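Each chain, written out:
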Amino acid sequence: MWIVRQTYIDKAEKFVRMHGNMEFAAGGSFEDVFSVAKKYGLVPEEAYPGLNYGLDNHDHSELDAVLRAYVDAIVKPARGKKLTTAWLNGLKGILDAYLGPAPELFTYNGRQYTPESFRDMLGLQLDDYVSISSFTHHPYYTEFVIEVPDNWIGAASWNLLLEEMMAVLDNAVDNGYTVAWGADVSESGFLYRKGYAVVPAEQEETLEGTELSRWVALSPESRMLELLEEKSELTVTPEIRQLAYDNYETTDDHGMLITGIATDQRGDTFYKVKNSWTSNGIYDGYFYASRPFVEYKTLNIVVHKDAIPDAIRAKIGL
(Lines give C-alpha, C1' and ligand atoms only; values in the text may rest on other atoms or scores of the structure.)
Protein backbone atom coordinates (compact mmCIF):
# COMPACT_ATOMS: atom_id res chain seq x y z
CA MET A 1 0.00 0.00 0.00
CA TRP A 2 3.05 2.27 0.24
CA ILE A 3 3.34 1.90 -3.53
CA VAL A 4 -0.38 2.71 -3.93
CA ARG A 5 -0.14 5.81 -1.77
CA GLN A 6 2.92 7.30 -3.44
CA THR A 7 1.67 6.44 -6.93
CA TYR A 8 -1.60 8.25 -6.30
CA ILE A 9 0.31 11.38 -5.25
CA ASP A 10 2.47 11.37 -8.39
CA LYS A 11 -0.52 10.54 -10.57
CA ALA A 12 -2.55 13.40 -9.08
CA GLU A 13 0.26 15.89 -9.70
CA LYS A 14 0.50 14.81 -13.35
CA PHE A 15 -3.30 14.82 -13.72
CA VAL A 16 -3.40 18.44 -12.56
CA ARG A 17 -0.51 19.42 -14.85
CA MET A 18 -2.40 17.80 -17.74
CA HIS A 19 -5.55 19.79 -16.87
CA GLY A 20 -7.35 16.53 -16.20
CA ASN A 21 -6.70 15.06 -19.64
CA MET A 22 -5.28 11.70 -18.61
CA GLU A 23 -6.23 8.53 -16.77
CA PHE A 24 -6.86 8.87 -13.04
CA ALA A 25 -8.19 5.68 -11.53
CA ALA A 26 -7.11 2.61 -9.61
CA GLY A 27 -4.32 0.67 -11.25
CA GLY A 28 -1.25 1.51 -13.23
CA SER A 29 1.79 -0.12 -14.77
CA PHE A 30 4.60 -2.22 -13.34
CA GLU A 31 6.82 0.83 -13.72
CA ASP A 32 4.89 2.49 -10.87
CA VAL A 33 6.61 0.10 -8.44
CA PHE A 34 10.11 0.92 -9.67
CA SER A 35 9.39 4.64 -9.83
CA VAL A 36 8.15 4.79 -6.25
CA ALA A 37 11.05 2.68 -4.99
CA LYS A 38 13.59 4.97 -6.65
CA LYS A 39 11.98 8.24 -5.56
CA TYR A 40 10.56 7.41 -2.14
CA GLY A 41 11.99 4.10 -0.99
CA LEU A 42 10.04 1.02 0.10
CA VAL A 43 8.03 0.08 3.19
CA PRO A 44 7.04 -3.50 4.16
CA GLU A 45 3.38 -4.35 4.55
CA GLU A 46 3.59 -4.83 8.29
CA ALA A 47 4.80 -1.23 8.69
CA TYR A 48 2.17 0.19 6.32
CA PRO A 49 -0.81 -2.17 5.91
CA GLY A 50 -3.04 0.59 4.49
CA LEU A 51 -6.18 -0.61 6.27
CA ASN A 52 -7.18 2.54 8.09
CA TYR A 53 -10.89 2.50 7.24
CA GLY A 54 -12.49 -0.28 9.28
CA LEU A 55 -12.07 -3.26 6.94
CA ASP A 56 -9.87 -6.34 7.16
CA ASN A 57 -9.31 -6.61 3.40
CA HIS A 58 -8.56 -3.99 0.80
CA ASP A 59 -11.55 -2.36 -0.86
CA HIS A 60 -10.66 0.94 -2.51
CA SER A 61 -13.96 1.65 -4.23
CA GLU A 62 -14.79 4.53 -1.89
CA LEU A 63 -11.22 5.84 -1.81
CA ASP A 64 -10.96 5.79 -5.60
CA ALA A 65 -14.24 7.66 -5.98
CA VAL A 66 -13.26 10.29 -3.41
CA LEU A 67 -9.83 10.87 -4.95
CA ARG A 68 -11.27 11.16 -8.46
CA ALA A 69 -13.89 13.66 -7.31
CA TYR A 70 -11.17 15.61 -5.50
CA VAL A 71 -8.79 15.97 -8.45
CA ASP A 72 -11.70 16.79 -10.77
CA ALA A 73 -12.64 19.62 -8.42
CA ILE A 74 -9.06 20.87 -8.45
CA VAL A 75 -8.63 21.06 -12.22
CA LYS A 76 -11.99 22.61 -13.08
CA PRO A 77 -11.47 25.93 -11.27
CA ALA A 78 -7.83 25.87 -12.31
CA ARG A 79 -8.65 26.79 -15.87
CA GLY A 80 -8.02 30.51 -15.94
CA LYS A 81 -7.29 30.68 -12.21
CA LYS A 82 -4.34 29.95 -9.99
CA LEU A 83 -4.21 26.76 -7.98
CA THR A 84 -4.18 27.18 -4.24
CA THR A 85 -1.18 26.01 -2.25
CA ALA A 86 -3.38 23.61 -0.28
CA TRP A 87 -4.61 21.17 -2.89
CA LEU A 88 -1.76 18.63 -2.69
CA ASN A 89 -1.83 18.59 1.11
CA GLY A 90 -5.58 18.01 0.87
CA LEU A 91 -5.01 14.97 -1.35
CA LYS A 92 -2.42 13.61 1.08
CA GLY A 93 -4.94 14.14 3.87
CA ILE A 94 -7.39 11.84 2.12
CA LEU A 95 -4.70 9.20 1.73
CA ASP A 96 -3.75 9.62 5.40
CA ALA A 97 -7.36 9.02 6.41
CA TYR A 98 -7.83 5.87 4.35
CA LEU A 99 -4.37 4.30 4.21
CA GLY A 100 -2.65 5.91 7.19
CA PRO A 101 0.05 8.61 7.43
CA ALA A 102 3.28 7.89 5.60
CA PRO A 103 5.85 6.50 8.06
CA GLU A 104 9.14 8.37 8.32
CA LEU A 105 10.66 5.69 10.58
CA PHE A 106 9.58 2.11 11.23
CA THR A 107 10.96 -1.06 12.80
CA TYR A 108 11.36 -4.27 10.81
CA ASN A 109 12.94 -7.46 12.20
CA GLY A 110 14.22 -5.51 15.19
CA ARG A 111 15.94 -2.78 13.19
CA GLN A 112 14.83 0.77 12.48
CA TYR A 113 14.57 2.00 8.92
CA THR A 114 13.46 4.89 6.80
CA PRO A 115 11.77 4.03 3.49
CA GLU A 116 15.03 4.86 1.72
CA SER A 117 17.26 2.81 4.01
CA PHE A 118 14.86 -0.15 3.83
CA ARG A 119 15.01 -0.04 0.02
CA ASP A 120 18.81 0.10 0.14
CA MET A 121 18.98 -2.78 2.63
CA LEU A 122 17.11 -5.02 0.19
CA GLY A 123 19.93 -4.64 -2.33
CA LEU A 124 17.63 -4.40 -5.34
CA GLN A 125 19.18 -3.05 -8.53
CA LEU A 126 16.02 -1.42 -9.82
CA ASP A 127 17.39 -0.58 -13.25
CA ASP A 128 18.03 -4.29 -13.93
CA TYR A 129 14.33 -4.97 -14.59
CA VAL A 130 13.16 -4.83 -18.18
CA SER A 131 9.71 -4.51 -19.75
CA ILE A 132 9.10 -6.51 -22.93
CA SER A 133 6.19 -6.53 -25.35
CA SER A 134 5.38 -7.57 -28.92
CA PHE A 135 3.33 -5.50 -31.36
CA THR A 136 3.64 -4.78 -35.07
CA HIS A 137 2.84 -1.05 -35.01
CA HIS A 138 6.32 -0.22 -33.72
CA PRO A 139 9.71 -1.39 -35.05
CA TYR A 140 11.12 -4.51 -33.47
CA TYR A 141 14.17 -4.22 -31.22
CA THR A 142 13.29 -0.66 -30.23
CA GLU A 143 11.66 0.73 -27.10
CA PHE A 144 8.14 2.15 -27.26
CA VAL A 145 5.50 3.36 -24.84
CA ILE A 146 2.51 1.00 -24.80
CA GLU A 147 -0.53 3.12 -25.59
CA VAL A 148 -2.97 2.11 -22.88
CA PRO A 149 -4.67 4.35 -20.29
CA ASP A 150 -3.07 2.74 -17.23
CA ASN A 151 0.41 3.52 -18.57
CA TRP A 152 0.00 7.07 -17.25
CA ILE A 153 3.68 7.17 -16.32
CA GLY A 154 4.81 6.56 -19.92
CA ALA A 155 6.84 3.41 -19.24
CA ALA A 156 8.76 2.07 -22.24
CA SER A 157 8.96 -1.58 -23.31
CA TRP A 158 11.29 -3.39 -25.68
CA ASN A 159 9.45 -4.62 -28.76
CA LEU A 160 10.37 -8.21 -29.62
CA LEU A 161 9.03 -10.77 -32.03
CA LEU A 162 6.20 -12.79 -30.49
CA GLU A 163 8.26 -15.96 -30.33
CA GLU A 164 11.09 -14.01 -28.67
CA MET A 165 8.79 -12.56 -26.03
CA MET A 166 7.63 -16.08 -25.22
CA ALA A 167 11.23 -17.31 -25.22
CA VAL A 168 12.09 -14.69 -22.60
CA LEU A 169 9.14 -15.81 -20.48
CA ASP A 170 10.07 -19.49 -20.73
CA ASN A 171 13.74 -18.85 -20.06
CA ALA A 172 12.93 -16.74 -17.02
CA VAL A 173 10.72 -19.39 -15.39
CA ASP A 174 13.05 -22.24 -16.34
CA ASN A 175 15.90 -20.43 -14.59
CA GLY A 176 14.08 -19.62 -11.35
CA TYR A 177 12.84 -16.11 -12.09
CA THR A 178 9.28 -14.95 -11.71
CA VAL A 179 7.67 -12.83 -14.44
CA ALA A 180 5.43 -9.81 -13.94
CA TRP A 181 2.58 -10.29 -16.42
CA GLY A 182 0.29 -7.53 -17.67
CA ALA A 183 -2.71 -9.01 -19.47
CA ASP A 184 -6.33 -8.77 -20.53
CA VAL A 185 -8.59 -10.80 -18.22
CA SER A 186 -11.93 -9.73 -19.69
CA GLU A 187 -12.13 -12.63 -22.13
CA SER A 188 -14.85 -15.27 -21.84
CA GLY A 189 -12.07 -17.85 -21.65
CA PHE A 190 -10.69 -16.33 -18.45
CA LEU A 191 -12.32 -18.75 -16.01
CA TYR A 192 -10.72 -17.82 -12.73
CA ARG A 193 -13.26 -19.70 -10.64
CA LYS A 194 -12.43 -22.84 -12.63
CA GLY A 195 -8.72 -22.21 -12.21
CA TYR A 196 -7.65 -21.60 -15.80
CA ALA A 197 -7.65 -19.22 -18.77
CA VAL A 198 -7.90 -20.38 -22.39
CA VAL A 199 -8.73 -19.03 -25.83
CA PRO A 200 -10.70 -21.47 -28.03
CA ALA A 201 -9.96 -21.43 -31.75
CA GLU A 202 -13.67 -21.22 -32.54
CA GLN A 203 -15.77 -18.52 -30.96
CA GLU A 204 -19.37 -19.14 -30.05
CA GLU A 205 -20.82 -17.11 -32.92
CA THR A 206 -19.08 -19.40 -35.45
CA LEU A 207 -19.95 -22.76 -33.92
CA GLU A 208 -21.39 -25.29 -36.31
CA GLY A 209 -23.90 -27.96 -35.45
CA THR A 210 -24.98 -26.43 -32.16
CA GLU A 211 -28.61 -25.92 -31.30
CA LEU A 212 -28.83 -22.18 -30.73
CA SER A 213 -31.56 -22.30 -28.10
CA ARG A 214 -29.60 -24.78 -26.01
CA TRP A 215 -26.33 -22.91 -26.48
CA VAL A 216 -27.54 -19.48 -25.43
CA ALA A 217 -29.20 -20.98 -22.36
CA LEU A 218 -25.82 -22.15 -21.04
CA SER A 219 -23.76 -20.00 -18.72
CA PRO A 220 -20.58 -18.47 -20.20
CA GLU A 221 -18.49 -20.96 -18.21
CA SER A 222 -20.52 -23.90 -19.48
CA ARG A 223 -20.16 -22.67 -23.06
CA MET A 224 -16.41 -22.42 -22.65
CA LEU A 225 -16.17 -25.89 -21.16
CA GLU A 226 -18.10 -27.36 -24.08
CA LEU A 227 -15.88 -25.52 -26.54
CA LEU A 228 -12.79 -26.98 -24.93
CA GLU A 229 -14.06 -30.54 -24.91
CA GLU A 230 -13.93 -30.80 -28.68
CA LYS A 231 -12.19 -27.69 -30.01
CA SER A 232 -8.53 -26.76 -30.05
CA GLU A 233 -7.17 -23.41 -28.95
CA LEU A 234 -6.43 -20.47 -31.19
CA THR A 235 -3.19 -20.41 -33.18
CA VAL A 236 -1.84 -16.98 -32.27
CA THR A 237 0.05 -14.86 -34.80
CA PRO A 238 1.47 -11.33 -34.52
CA GLU A 239 -1.31 -10.13 -36.80
CA ILE A 240 -4.06 -11.61 -34.58
CA ARG A 241 -2.46 -10.07 -31.50
CA GLN A 242 -2.24 -6.67 -33.16
CA LEU A 243 -5.83 -6.74 -34.39
CA ALA A 244 -7.15 -7.57 -30.92
CA TYR A 245 -5.14 -4.68 -29.48
CA ASP A 246 -6.23 -2.23 -32.19
CA ASN A 247 -9.89 -3.21 -31.80
CA TYR A 248 -9.88 -2.71 -28.00
CA GLU A 249 -10.35 -6.44 -27.55
CA THR A 250 -7.05 -6.70 -25.67
CA THR A 251 -7.15 -4.17 -22.86
CA ASP A 252 -4.93 -3.29 -19.90
CA ASP A 253 -6.90 -5.08 -17.21
CA HIS A 254 -4.64 -6.65 -14.66
CA GLY A 255 -1.09 -7.25 -13.43
CA MET A 256 -0.14 -10.70 -12.13
CA LEU A 257 2.92 -12.88 -11.54
CA ILE A 258 3.88 -15.96 -13.54
CA THR A 259 5.69 -18.41 -11.26
CA GLY A 260 5.83 -21.73 -13.09
CA ILE A 261 5.04 -23.87 -16.14
CA ALA A 262 2.83 -26.96 -16.17
CA THR A 263 1.23 -29.35 -18.66
CA ASP A 264 -2.28 -30.73 -18.65
CA GLN A 265 -3.44 -34.25 -19.33
CA ARG A 266 -3.21 -33.61 -23.09
CA GLY A 267 0.35 -32.34 -22.87
CA ASP A 268 -0.60 -28.71 -23.50
CA THR A 269 1.47 -26.00 -21.84
CA PHE A 270 0.00 -23.78 -19.12
CA TYR A 271 1.62 -21.05 -17.06
CA LYS A 272 1.05 -20.99 -13.30
CA VAL A 273 -0.10 -17.49 -12.34
CA LYS A 274 -0.21 -15.90 -8.90
CA ASN A 275 -3.22 -13.61 -8.73
CA SER A 276 -4.03 -10.89 -6.18
CA TRP A 277 -7.71 -11.74 -5.64
CA THR A 278 -7.16 -13.30 -2.20
CA SER A 279 -6.12 -16.94 -1.74
CA ASN A 280 -9.58 -18.27 -2.61
CA GLY A 281 -10.28 -20.48 -5.58
CA ILE A 282 -9.49 -24.08 -6.35
CA TYR A 283 -5.74 -23.39 -6.55
CA ASP A 284 -5.48 -21.14 -3.46
CA GLY A 285 -5.19 -17.89 -5.37
CA TYR A 286 -3.31 -19.27 -8.36
CA PHE A 287 -4.66 -20.22 -11.77
CA TYR A 288 -3.27 -21.67 -15.01
CA ALA A 289 -3.16 -19.70 -18.29
CA SER A 290 -2.69 -21.64 -21.51
CA ARG A 291 0.19 -20.75 -23.79
CA PRO A 292 -2.18 -19.46 -26.53
CA PHE A 293 -3.93 -17.25 -23.95
CA VAL A 294 -0.59 -15.77 -22.86
CA GLU A 295 0.52 -15.29 -26.46
CA TYR A 296 -2.76 -13.60 -27.37
CA LYS A 297 -3.56 -11.48 -24.32
CA THR A 298 -0.20 -10.33 -22.96
CA LEU A 299 0.38 -6.59 -23.02
CA ASN A 300 3.83 -6.79 -21.49
CA ILE A 301 6.04 -8.76 -19.18
CA VAL A 302 8.72 -7.48 -16.81
CA VAL A 303 11.75 -9.63 -16.02
CA HIS A 304 15.23 -9.27 -14.59
CA LYS A 305 17.68 -8.66 -17.42
CA ASP A 306 19.59 -11.83 -16.51
CA ALA A 307 16.47 -13.84 -17.31
CA ILE A 308 16.67 -12.80 -20.99
CA PRO A 309 18.49 -15.24 -23.30
CA ASP A 310 21.89 -13.93 -24.40
CA ALA A 311 21.02 -13.86 -28.09
CA ILE A 312 17.95 -11.70 -27.45
CA ARG A 313 19.83 -9.43 -25.04
CA ALA A 314 22.39 -8.81 -27.78
CA LYS A 315 19.68 -7.73 -30.21
CA ILE A 316 18.48 -4.97 -27.87
CA GLY A 317 21.88 -4.02 -26.52
CA LEU A 318 21.43 -5.12 -22.90
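Heads up: the structure comes first, above all this text.
What counts as what
- Numbering of residues begins from 1 in every chain and follows the order in which that chain's sequence is written.
- In keeping with the model being predicted, local features are shown solely for residues with a pLDDT of at least 70 and side-chain atom pairs are shown and tallied solely at 80 or more, while totals for entire chains, interfaces and linings include all residues.
- Only hydrogens and water are set aside when side-chain values are computed; all heavy atoms of the structure are taken into account.
- Only protein chains enter the calculation, and the probe is 1.4 Å; a residue is then buried if its accessible area is under 20% of its type maximum, exposed if over 50%, and partly exposed in between.
- Note on conventions: DSSP H or I runs of at least 4 residues are helices, E runs of at least 2 residues are strands, and numbering of each starts at the N terminus.
- Here the arc refers to the directions that run from the helix axis out to each C-beta atom.
- Here, two residues are considered to be in contact whenever any of their heavy atoms come within 4.5 Å of each other.
- Residue types Ala, Val, Leu, Ile, Met, Phe, Trp, Tyr and Cys, when buried and joined through side-chain atoms within 4.5 Å, form a set referred to as a nonpolar core.

Thoughts on helix H9 (residues 238-246)
Now for step 1: All of the buried residues in H9 are Arg241, Gln242, Ala244 and Tyr245. Angular distribution of buried residues about the axis of H9 spans 160°; they occupy a single face of the element. Along H9, exposed side chains directed more than 90 degrees from the buried face belong to Glu239 and Leu243.
Now for step 2: Where H9 is buried, its residues meet strand S3 (129-133), helix H6 (162-174), helix H10 (291-297) and strand S12 (298-304).
Now for step 3: Positive phi appears at Tyr248, one or two residues downstream of H9, with a value of about 65°.

A few points about the nonpolar core
Now for step 1: In terms of nonpolar packing, the biggest core is built from 37 residues, with Ile132, Trp181, Phe287, Ile301 and Val303 touching the most fellow members.
Now for step 2: Considering every element that reaches this core, the biggest residue donor is H6, with seven residues.
Now for step 3: Counting residues in hydrophobic clusters, the runner-up holds 34 residues, among them Ile9, Val36, Trp87 and Leu88.

Comments concerning the environment of Met1
Now for step 1: Turning to its location among the elements, Met1 is positioned in the segment before helix H1 (2-17).
Now for step 2: Judged by its relative accessible area of 28%, Met1 falls in the partly exposed class.
Now for step 3: Along the primary structure Met1 and Val43 are separated by 42 residues, whereas in three dimensions their C-alpha atoms are 8.6 Å apart.

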